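One letter stands for each residue in the lines below.
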Amino acid sequence: MPTLRVDLEVIANLVDNNSRILDLGCGDGLLLDYLLRHKGGNGFGVELDHKGVHTCISRGLPVYQGDIDQGLSDHHDDAFDYVILSQTLQATRRPRFVVQEMLRVGKRVIVSFPNFAYWRVRFGLFLTGRMPRTKVLPHRWYDTPNIHMCSIKDFKEMCDSMEINIIRQLPLAASGGMDSDLVHSQLIGKLPNATANLLAPLAIFLLERRSK
Amino acid sequence: MSDTATNDPSSVGIVEQHQATLFDNGEPLTLDCGKSLSPVQVAYETYGTLNADASNAIIICHALSGNAHAAGRHTAEDRKPGWWDQYIGPGKPFDTDYFFIISSNNLGGCNGTTGPSSIDPETGKQFGLNFPIITIADIARLQKALVDHLGIKTLLATAGGSMGGMIALQWALDYPEFVPGCVIIASTPRLTAQNIAFNAVARQAIMADPNFNNGDYYDGDGPTNGLAIARMMAHITYLSEKGLDKKFGRRMQNPQTTGSSFDQDFAVESYLRYQGSSFVTKFDANTYLYITKAMDQFDPFPDPETTAKRLEKVNSRIMVMSFDTDWRFNTAHSKDLVKILNWHNKNVSFEEFTSPHGHDAFLMKSPDYQQSLASFLLRLYQDFVIESTTKKNKDNR
């Protein structure tokens, strides 16, 4: 079994076996590969970058080279059991519309995003007076792809206004890409909701439409 | 030249064209139009070696003006190699160290396969316009007969660019258990009105030529002017505005001329004239009519019911590729196809590449395109050739 990034592993655990999956911004296809091979699923990834697309092709994964908007508009309602968007929502032009579209084509939606209310981010801005840079958000302000940052609180508010059911919310104590499985396994899920907005650098949400 | 041809390690080297005679009166080739043909001649070439369990064969489908000669040279003195030589050979995407590549001249063609310029056994004269109307499915049907004739139980993949992509797709629809992989490049699930219009003008140019004689021209010169004009016009649609401008710009063919008379050419005019006049020496005008008609008629997904039915059994891993400057079959065509396949939960990948070469980009060298094509095919090899061999070895133990 390949080792997955912490956040990808958590996402994988949210997906039922034998599901049809759309993985938006699938990168090199690591998560999709895992889901298709180990969970008996089918589906495909959407990726803009040729390098990612090429790696997916080498892995034998179905992949669509294009942006997320196109990746969504081509599909009929409820075409997928799960639509996954991992750490990319903040880089989309219209995040609210993207979530809405994801919930149109997918019965369930999994979204992960960096939490801008994480204490290191707060203190970064507070203490240095500069745009915060952390492990999850390493870019400088002028070259960051992350144009729509939000906090866990903000995201929940948006879900509420869009009549979205939050089935699970998983604030991660460890961020993706960090070698911190231990921290992750001890703290994951144990953060009380109130403190999560302060303590979690990353959050994962499992969503569905409120009215079916 | 001859030295390069024979010593280049990435070339398939000197190749030979073969001829197969398929079908007979008892078992003719039955066409979509209801008519039948027998016997049917097929010109074909093969590159690489068929493995012991015949599981590594890929059929290459050529476009409108292509032929069976896809790679290598017939003689060391040949000026040019086959039409897809950049992509077929040791270390190239269609790697002949792994794959057995089959390339045949399409039904209705004029380079060794039965077509309108072949002799009609009933009259002893060339078919001309008495040749039956053929479809893309008929072309695939004849290829299937050739593959059967070669003793191959299942292909590893079908692949083709432009009209070749339509034939490759047709294989996946008509012989789903036969085609684990399918590569469709710079192609389309159906022609738009603009595409049909281009073909219609080409046909009009041929048929309006005084030497056309209703297709019965094999005793004379034939509609060479009409065919040349058809080719010149089509050739413009194969290139991009940017590409043409970069190659010719407003350059005069002869810099001394002022460009104030009708025979003082811009370089691009001279180029097109050359393309037209060299084309007529190797291509039959009637074939041009029949093949463009087959392209126009191609529409495997006309309505939701038919689409669902046609795709029901399709099981191939399909790769769809397009180029950003292609305006003959632009990326929207490829995306249309991908959308249809995705709606029916088919295993399909899509990638668009940047190229200055327009529609012809599928024939040209381009690192991203080359890499993805190679990886897709190699992965098929891993999953369907190596895996099946491993499984068989285990079973035998």
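Residues numbered from 1 in each chain as written. Chains lettered and ligands numbered in written order. Predicted model: local features only at pLDDT ≥ 70, side-chain atom pairs only at ≥ 80, totals over all residues.

### Brief notes about the overall build of chain B
Counting secondary structure elements, chain B contains eleven helices and ten strands. Computed over C-alpha atoms, the radius of gyration of chain B comes to 21 Å, within 12% of the 21 Å expected from 2.2 N^0.38 for 397 residues, which places it in the range of a compact globule. For the C-alpha atoms alone, the extent of chain B along its principal axes is close to 80 × 50 × 50 Å. Across chain B, every contact between residues at least 6 apart in sequence was considered, and the portion connecting residues at least 24 apart equals 72%. (Helix = DSSP H or I, 4+ residues; strand = E, 2+ residues; numbered from the N terminus. Rg over C-alpha atoms; globule rule 2.2 N^0.38 Å. Contact = placed C-beta atoms within 7 Å.)

### With respect to the overall build of chain A
Looking only at helices and strands, one finds nine helices and seven strands in chain A. For chain A, the proportion of its 212 residues judged to be buried stands at 43%. Considering only intrachain contacts with a sequence separation of at least 6, the fraction spanning at least 24 residues in chain A is 66%. (Buried ≥ 20, exposed ≤ 12 C-beta atoms within 10 Å, placed from the backbone.)

### Topic: the nonpolar core
Judged by nonpolar contacts, the single largest core of 160 residues is most densely connected at Ile-58, Ala-157, Cys-182 and Val-183 of chain B. Ignoring any residue separated from it by four or fewer positions in sequence, one finds Val-183 of chain B in contact with Ala-157, Ala-159, Ala-168, Met-319, Leu-373 and Phe-376 of chain B. (Core = buried A, V, L, I, M, F, W, Y, C linked by C-beta atoms within 7 Å.)

### Some points on the domain arrangement of chain B
Taken as a whole, chain B is organised into domain 1 (2-190 + 301-396) and domain 2 (191-297). Elements with a contribution of two residues or more to the side of domain 1 of chain B that touches domain 2 of chain B: helix H2 (136-149) and helix H3 (163-174) of chain B. (Domains from an automatic or database assignment.)

### Some words on the interface of chain A and chain B
The interface of chain A with chain B comprises 15 residues on the first partner and 18 residues on the second. Looking at the side of chain A that touches chain B, the elements that each hand over two or more residues are helix H3 (50-58) and strand S3 (63-65) of chain A. For the side of chain A that touches chain B, the element with the most residues is H3 of chain A, which contributes five residues.

### Let's talk about unusual backbone geometry
A cis amide bond, omega -15 degrees, links Ser-38 of chain B with the succeeding residue Pro-39 of chain B. Along the polypeptide, Pro-39 of chain B turns up in the loop between strand S3 (36-37) and strand S4 (40-47). Positive phi values are uncommon outside glycine, yet Asn-18 of chain A reaches one of about 55 degrees. Taking the number of C-beta atoms within 10 Å as the measure of exposure, Asn-18 of chain A has 10 and is therefore exposed. In the Ramachandran plot, Phe-23 of chain B falls in the positive-phi region, its phi being about 70 degrees despite a non-glycine side chain.

### Some words on the packing of H2 of chain B against H3 of chain B
Two measures define how a pair of helices packs: the angle their axes make with one another and the distance between the axes. Residue and element names in this part refer to chain B. The interhelical angle for the contact between H2 and H3, taken along N-to-C directions, is 75 degrees, at an axis separation of 9 Å. Our classification of the angle between H2 and H3 gives roughly perpendicular. Packed against H2, whose contacting residues are Ile-136, Ala-137, Ile-139 and Ala-140, the element H3 presents Met-166, Ile-167, Gln-170, Trp-171 and Asp-174 at the interface. (Axes fitted to C-alpha atoms, helices over the stretch in contact; angles between N-to-C directions. Parallel < 35°, antiparallel > 145°, perpendicular 65-115°, else oblique.)

### Some words on the pairing of strand S6 (residues 100-104) of chain B
All names here are of chain B. Among the five residues in S6, five count as buried, and that is most of the element. Neither face of S6 is open: one carries Phe-100, Ile-102 and Ser-104, the other Ile-101 and Ser-103, and all of them are buried. With four bridges joining them, strand S5 (residues 57-61) and S6 adopt parallel strand pairing. Residue pairing for S6: Ile-59 is matched across the bridge by Ile-102. (Pairing = 2+ DSSP bridges.)

### Side note on the pairing of strand S7 (residues 202-209) of chain A
All names here are of chain A. Sheet topology places strand S5 (residues 106-114) next to S7; six bridges connect them, and they run antiparallel. Paired with Ser-112 across the bridge in S7 is Ile-204. Note that strand S6 (residues 164-172) and S7 share eight bridges and pair antiparallel. Residue pairing in the sheet places Leu-170 in a bridge with Ile-204 of S7.

### Section: H3 of chain B
In an α-helix, one full turn covers 3.6 residues, which means residues spaced three or four apart are oriented alike. Residues and elements named next belong to chain B. Given a rise of 1.5 Å per residue, twelve residues ought to cover 16 Å, and the 16 Å separating the end C-alpha atoms of H3 matches this to within 8%. With ten of twelve residues buried, H3 lies mostly within the body of the structure. The complete set of buried residues in H3 reads Met-163, Gly-164, Gly-165, Met-166, Ile-167, Ala-168, Leu-169, Gln-170, Trp-171 and Ala-172. The inward-facing, buried residues of H3 abut S5, H2, strand S7 (157-161), strand S8 (181-185), helix H8 (285-297) and strand S9 (317-323). (Expected span 1.5 Å × (residues − 1).)

### Side note on the environment of Glu-163 of chain A
Residues and elements named next belong to chain A. Along the chain, Glu-163 falls in the loop between helix H7 (152-161) and S6. Given 10 C-beta atoms within a 10 Å radius, Glu-163 is considered exposed. Setting aside residues no more than four positions away along its own chain, Glu-163 makes contact with Arg-210 and Ser-211.

### Some thoughts on the confidence of the model for chain B
Residues with a pLDDT of 70 or more make up 97% of chain B, whose mean pLDDT is 95. For this predicted complex, the interface score ipTM comes out at 0.91, alongside a pTM of 0.93. (pLDDT = per-residue confidence, 0-100.)

### Things to note about the packing of helix H1 (residues 6-14) of chain A against helix H2 (residues 30-38) of chain A
Residue and element names in this part refer to chain A. Where H1 meets H2, the axes come as close as 10 Å, and the angle between the chain directions of the two elements is 30 degrees. The orientation of H1 with respect to H2, classified from their angle, is roughly parallel. With respect to the hand of their crossing, H1 and H2 are arranged in right-handed fashion. Within the contact between the two elements, H1 uses Leu-8, Ile-11 and Ala-12 and H2 uses Leu-30, Leu-31, Tyr-34 and Leu-35. Taken together, the residues of the contact of H1 with H2 sort by class into seven nonpolar, no polar and no charged. (Left-handed = near helix turned anticlockwise from the far one by under 90°. Nonpolar A, V, L, I, M, F, W, Y, C, P; charged D, E, K, R; others polar.)

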